[in-house]
Amino acid sequence: MMRIFQSILFTTFMMASVWGQNAPSATDVPGSQAGIHLVSPLPTGDWTMPAGDYANTRFSPLSQINTGNVKNLHIVGMMADGIPHGHEGGPLVVNKTLYMVTPFPNYLIALDLTKPGYPMKWRFEPNPDGRSQGIACCDVVNRGASYADGKIIYNTLDDNTIAVDADKGTLVWKTTVGDEDLGETVTMAPIVVKNVVLVGDSGGELGVRGKLTALDLKSGKILWRAYNSGPDKDALIGADFKAFYPKDQGKDLGVSSWTPDQWHMGGGTIWGWISYDPELNLIYYGTGNPGVWNDDMRPGDNKWSITIWARNPETGAAKWAYQIEPHDGWDYDEIMENVLVDMPWHGRTRKLLLHPGRTGFMFVLDRETGEVLSAENFVPVTWAKGYDLKTGLPMEDPDKRPHTNHYARGVCPSSTGGKEFVPSSFSPKTGYLYIPAHNTCMDYSGEDVNYIAGTPYLGASVRMYPGPGGYQGELIAWDVTNAKKVWGIKETDLPVYSGVLATAGDVVFYGTMDGWFRAVDSRTGSVLWQEKLTSGIIGNPMTFIGPDGKQYVAIYVGIGGWMGAVALPSVSTDDDYAALGVVGAMKKIKQMTNPGGAVYVFGY
Amino acid sequence: MSSAIRKMAAFVFCCALPVLAATPELRVCADPNNLPYSNQQQQGFENALAKLAASDLGMNVSYFWFPQRHKFFRNTLQAGVCDVVMEVPSGIDIASTTVPYFRSTYVFVSRRDRNLRIASFDDPRLKNLRIGVHVTGENDEAMPSTTALLHRGLVRNLEGYSIFGKLSEQNPGADIVRAVADQDIDVAVVWGPLGGYFAEHSSEPLEATPVCAAPADRQLPLSFEISMGVRPGNEALRDKLNEFILRHRSEIRQLLDSYAVPLVSAPEVTCP
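Cut-offs used in this document
- Residues numbered from 1 in each chain as written.
- Chains lettered and ligands numbered in written order.
- Predicted model: local features only at pLDDT ≥ 70, side-chain atom pairs only at ≥ 80, totals over all residues.
- Helix = DSSP H or I, 4+ residues; strand = E, 2+ residues; numbered from the N terminus.
- Buried ≥ 20, exposed ≤ 12 C-beta atoms within 10 Å, placed from the backbone.
- Contact = placed C-beta atoms within 7 Å.
- Pairing = 2+ DSSP bridges.
- Axes fitted to C-alpha atoms, helices over the stretch in contact; angles between N-to-C directions.
- pLDDT = per-residue confidence, 0-100.
- Nonpolar A, V, L, I, M, F, W, Y, C, P; charged D, E, K, R; others polar.
- Domains from an automatic or database assignment.
- Core = buried A, V, L, I, M, F, W, Y, C linked by C-beta atoms within 7 Å.

Looking only at helices and strands, chain B features eight helices and 13 strands. Counting only C-alpha atoms and orienting by the principal axes, one finds that chain B spans roughly 85 × 35 × 35 Å. Each of the 272 residues in chain B was classed as buried or not, and the buried ones make up 47%. When contacts within chain B are restricted to residue pairs at least 6 apart in sequence, long-range pairs at least 24 apart make up 76% of them.

Our next topic: the sheet that holds strand β35 (residues 542-545) of chain A. All names here are of chain A. Spatially, β2-β37-β36-β35 is the arrangement adopted by the four strands of the open sheet, whose pairing is antiparallel. The open sheet is flanked by β2 (74-80) and β35, the only strands paired with a single partner. For this sheet, the mean angle separating the axes of adjacent strands, direction not counted, is 25°. Of the strand pairs in this sheet, β35 and strand β36 (residues 551-557) are connected by four bridges, and their pairing is antiparallel. By the bridge assignment, Thr-543 is partnered in β36 with Val-553.

Residues and elements named next belong to chain A. One open sheet holds the four strands; their spatial order is β15-β16-β17-β18, and the pairing between them is antiparallel. Because the sheet does not close on itself, it has two edges, and the strands there are β15 (275-277) and β18 (318-323). Averaged over all pairs of adjacent strands, the angle between strand axes in this sheet comes to 15°, irrespective of strand direction. Where strand β16 (residues 282-286) lies against strand β17 (residues 307-311), four bridges are found, and the strand directions are antiparallel. If you follow Gly-286 over to β17, its bridge partner there is Ile-308.

Right, let's get into helix α6 (residues 192-200) of chain B. Of all nine residues in α6 of chain B, eight are buried; the element is thus mostly enclosed. Listed as buried for α6 of chain B are Gly-192, Pro-193, Leu-194, Gly-195, Gly-196, Tyr-197, Phe-198 and Ala-199 of chain B. The inward-facing, buried residues of α6 of chain B abut β28 (455-466) of chain A together with β7 (102-111), α5 (175-181), β11 (187-191) and β12 (206-210) of chain B.

Residues and elements named next belong to chain A. Relative to strand β37 (residues 598-603), β2 is paired through six bridges, and the arrangement is antiparallel. Its bridge partner being in β37, His-74 is matched across the sheet by Gly-603. Note: β36 against β37, five bridges, orientation antiparallel. Bridged to Ala-554 within β37 is Val-601.

All names here are of chain B. Looking at chain B, the pLDDT average stands at 89 and 91% of residues meet or exceed 70. Per-residue pLDDT stays below 50 along residues 1-19; that stretch engages in one contact with residues further than four places along the chain or on separate chains. Two numbers describe this predicted complex: its pTM, 0.89, and its ipTM, 0.87.

One frequent convention defines the size of an interface as the accessible area lost when the parts assemble. Contacts between the two partners involve 38 residues from chain A and, on the opposite side, 43 residues from chain B. Every element with two or more residues in the side of chain A that touches chain B is listed here: β27 (440-452) and β28 of chain A. The greatest single-element share of the side of chain A that touches chain B, amounting to seven residues, is contributed by β28 of chain A. Here the residues of the side of chain A that touches chain B are counted per class, giving 20 nonpolar, 13 polar and five charged. Bridge analysis of β28 of chain A against strand β9 (residues 141-142) of chain B gives two bridges, and the strand direction is antiparallel. From the neighbouring strand, Leu-458 of chain A faces β9 of chain B, where its bridge partner is Ala-142 of chain B.

This part takes up the domain arrangement of chain B. Residues and elements named next belong to chain B. Per the domain assignment, the segments of chain B are domain 1 (25-102 + 225-258) and domain 2 (103-217). Computed from C-alpha atoms alone, the centre-to-centre distance between domain 1 and domain 2 is 26 Å. On the domain 2 side, the residues contacting the 11 residues of domain 1 number 12 residues. The set of elements that each furnish at least two residues to the side of domain 1 that touches domain 2 consists of β2 (33-34) and β13 (223-230).

The next subject is the nonpolar core. All names here are of chain A. With 171 residues, the main nonpolar core has Leu-198 and Val-341 as its most contacted residues. Top element by residues in this core is β36. It accounts for six residues. Aside from chain neighbours lying at most four places away, what touches Val-341 is Ile-36, Leu-38, Ala-55, Thr-57, Leu-352, Leu-354 and Phe-426.

Let's shift gears to unusual backbone geometry. Residue and element names in this part refer to chain A. The amide bond that connects Lys-303 to the next residue, Trp-304, takes the cis arrangement and shows omega of 5°. You can see Trp-304 is positioned in the loop between β16 and β17. The backbone phi angle of Lys-96 is positive, close to 65°, even though this residue is not glycine. Looking at where Lys-96 falls in the secondary structure, it is placed in the loop between β3 (92-94) and β4 (97-101). Note on Lys-96: 14 C-beta atoms within 10 Å, which makes it partly exposed. One non-glycine residue, Tyr-118, lies in positive phi territory at about 50°. Inspection of the secondary structure assignment puts Tyr-118 in the loop between β5 (108-112) and β6 (120-124).

Here you go:
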């Protein structure tokens, strides 16, 4: 006992001395707003998981780079991977090595940060099945990796979770978590909680049944699975489960909220981010659109699509669920990040979950209970007038819901959402959430003849276009306490489709789809520095301390993804309705950037 | 060997190969595993039709195989790896289409021993039956036949089957017909060529009955003309294929009959 205590003291002392001026304790950031408490240790040097921290604040306590010197940023390292597809997610830095996961064919590349120019240490090639490229709906992306127990753990498009020795670049284990033959793919970044690797899935467009898979960190063995449709036993809903709202309570809602047997192809995939609260020992994540997308064919609430879950990471047992939008009609996948922070809320400290939604609403939930404390729109919204906090239900405008006989027009946001999967960042120093937002609306119109697997069928045409004000994207600083926008930086022609990083240096980093990498003042939004890179940015910035003790910032470039795929040569901009309708909103991108993936590292 | 013959042989040797190589190719994109349309063993009617067209035009057939899923056209015709897709709905945006060479419709497929012979979406027996339909997944999509069923308030009777089925199975699109044979569902409503062919090849006797249109279905196209599709801009090939179709109407008809493809002539078959 005494030995352990001494060892903890020693470790704490060592950390404080190593990090010198950047010596914030793990969860206490100097200069934080009164009453704000962060529940997960922040990344003080390395960056070992997709968001940097379990709470998904994407906040760095580092402040060597700050509002005063950020203008000196310059490229210190760069590595292209030659893959002309969307580069989502961001690198990890562990033990003087930078790890990059590429889009299909999902290389894992290790760069040596101790040497000038960051030479490549090794490249691991998992050789995923090429058929998965034809199955994935929206470019062949990958959203990143996690480090734990000497292993880099990530997913390949063909439904495998793999663990690679972080030193040697050799395979430790590989586990198949989905069935490619049924249309499943995996694009999300896993997280590791204790000894459990948590993996979601993709393929909601093909009628797969969404699920979270937990694997053993040591062996890769599957520990448990929680499905997003079907009976309670499949959803791991048991005695511990207590949903806040009556609409989410009752037995086997994953069956009864569907027409008979339709839950088998219920969609509700998990292709975004997973958060973890070490104090409550709960994981949080959201689910995607229900299958099939034609909502006339699936009357009912379609649980548990478009739902936020709270679960125990070791057993998978559900604690609560809140379905954001019953019976989705617009493809508003709510797989967005859930940012966990304790802060004062109407006079007392609450354990909050912040969820800037695809629906265009900024949800503030009590993460102990699943109660919605606030849901204000952060972009122009027409599909609903707001949320009834008593019932947890949206106040829908029925005219904006498309049906086979009703072509809804002026639906805002479009299916790409008020924001996409790209994650926001929260600064405890400002109390603001920095949201990469879209401003697009859509019209459904007359049905076109389509053809698939030898069968003609009809599909409503969807066209997306810039929303009110005529701009397409905006980086929004959102005051959480007062539920209002403080400042925004608008993009005329393109949505903001990159992740965001806020730091204790009072700088916010993000990128644009035409390739500007930008640092802005976290309080005012004034642009302090920017540099145009070789391709559009849809990745997430991160920061780390290099072997020389200095702070660096890294970002992927590489246009692609659902919206960015319009920049790829294989997609024509002649047809507004192509690429599931996004071409209408993305006309200019081919003139503004070119494909080509790389990681850039900046020093000051 | 006389020197004349040697010269002849040398001539044949030197020139036969280039002549052979100059035989133009009809480069076809097709699904490797989707009867009755096509498969890699070339047992589908698209395969037979391609052979017929190629021989008529003095060409050799070559294939690029790709499952007919989303992104099929982007990865095939648009990518330039082939010049023709043997079946597309006439006038579809994505291709330049030939004159139609057949028109088909959706069919009700049921076990013969059930004696259902349902043809109308208004048949009152449907209210008590499990009805299988194909679902495609993306966007606000449906077969018009499914929309007709939805309009009758039959949504709770519908059982969805992915049109892609499971890739590792043979002819995955036929899952739904197998489900009728196995009595998992009472009736399936599917596109005619698929229903007709698998009804005929089922181990359990099945029957395929073309759907009829009621006045309420006026807005719904329940039958479609089918053409061959080439890359827009390649109208020279389209015109050759047009001539082939016009010259061989009766053989094409025979071919389709041999695959039990239900053919309709009027735009819509109205219910009696």
